Amino acid sequence: MGDASPAFCAIYRWRLHPGSEDSFVRAWSRVTELLLTERGSLGSRLHRGPDDIWYSYTQWPSAIAKAEGLARPSVDPEAWRQLREAIAETLPELILEPVSDFLAPLRQEGC
């Protein structure tokens, strides 16, 4: 990556309670949009794996920016509550070191 300061990248993983998928996606989308527009996040993508684990890849300008963005009061307490209720299990966060980046933006219509 060409920036002088490396971005903070992580993968988050969850198992959801059966039937909570739609609520989870709506709440995740709401929180992610607000973190992007109000807290300095560089965005995130949500994926569902063939193993029924949900994966989110996120980027922030730095680990400090992420910590500061999340240290403030919740961007949407109700959406956070819906996320927590949908999650049956949270797997450990994976911190990634950016090395090379050729990822193109997704179309807004969906994957």
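Everything below is about the structure printed above this text.
Residues numbered from 1 in each chain as written. Predicted model: local features only at pLDDT ≥ 70, side-chain atom pairs only at ≥ 80, totals over all residues. Heavy atoms only, no water.

A. How the structure looks around the packing of helix α1 (residues 21-38) against helix α3 (residues 77-86). Contact geometry of α1 with α3 gives a least axis separation of 8 Å together with a crossing angle of 140°. Put simply, α1 runs oblique to α3. Of the two elements, α1 crosses α3, and the hand of that crossing is left-handed. Contact with α1, carried on its side by S23, F24, A27, W28, R30 and V31, involves A79, W80, Q82, L83 and A86 of α3 and no other residues of that element. Residues of the contact of α1 with α3, tallied by class, amount to 8 nonpolar, 2 polar and 1 charged. (Axes fitted to C-alpha atoms, helices over the stretch in contact; angles between N-to-C directions. Helix = DSSP H or I, 4+ residues; strand = E, 2+ residues; numbered from the N terminus. Parallel < 35°, antiparallel > 145°, perpendicular 65-115°, else oblique. Left-handed = near helix turned anticlockwise from the far one by under 90°. Contact = heavy atoms within 4.5 Å. Nonpolar A, V, L, I, M, F, W, Y, C, P; charged D, E, K, R; others polar.)

B. Representation of the pairing of strand β2 (residues 44-48) in the model. Of the pairings in the sheet, the one linking β2 to strand β3 (residues 54-60) comprises 5 bridges and is antiparallel in character. Opposite S44, over in β3, you have T58 as the bridge partner. Counted between consecutive antiparallel strands, the loop separating β2 from β3 contains 5 residues, among which D52 sits at a positive phi close to 65°. (Pairing = 2+ DSSP bridges.)

C. Structural detail: the pattern of salt bridges. Summed over all chains, the structure comprises 6 salt bridges. Of the charged contacts in the structure, one is a salt bridge between R15 and E89, with a shortest N-O distance of 2.7 Å. Within this pair, whereas R15 is found in strand β1 (residues 8-16), its partner E89 is found in strand β4 (residues 87-96), the two being separated by 74 residues in sequence. Judged by its relative accessible area of 35%, R15 is partly exposed. Judged by its relative accessible area of 34%, E89 falls in the partly exposed class. Here R81 makes a salt bridge to E85, at a shortest N to O gap of 2.4 Å. Here R81 pairs with E85, and both are found in helix α3, just 4 residues apart, close to one helical turn. (Salt bridge = Lys/Arg side-chain N within 4 Å of Asp/Glu carboxyl O. Buried < 20%, exposed > 50% of the residue type's maximum accessible area, 1.4 Å probe, protein only.)

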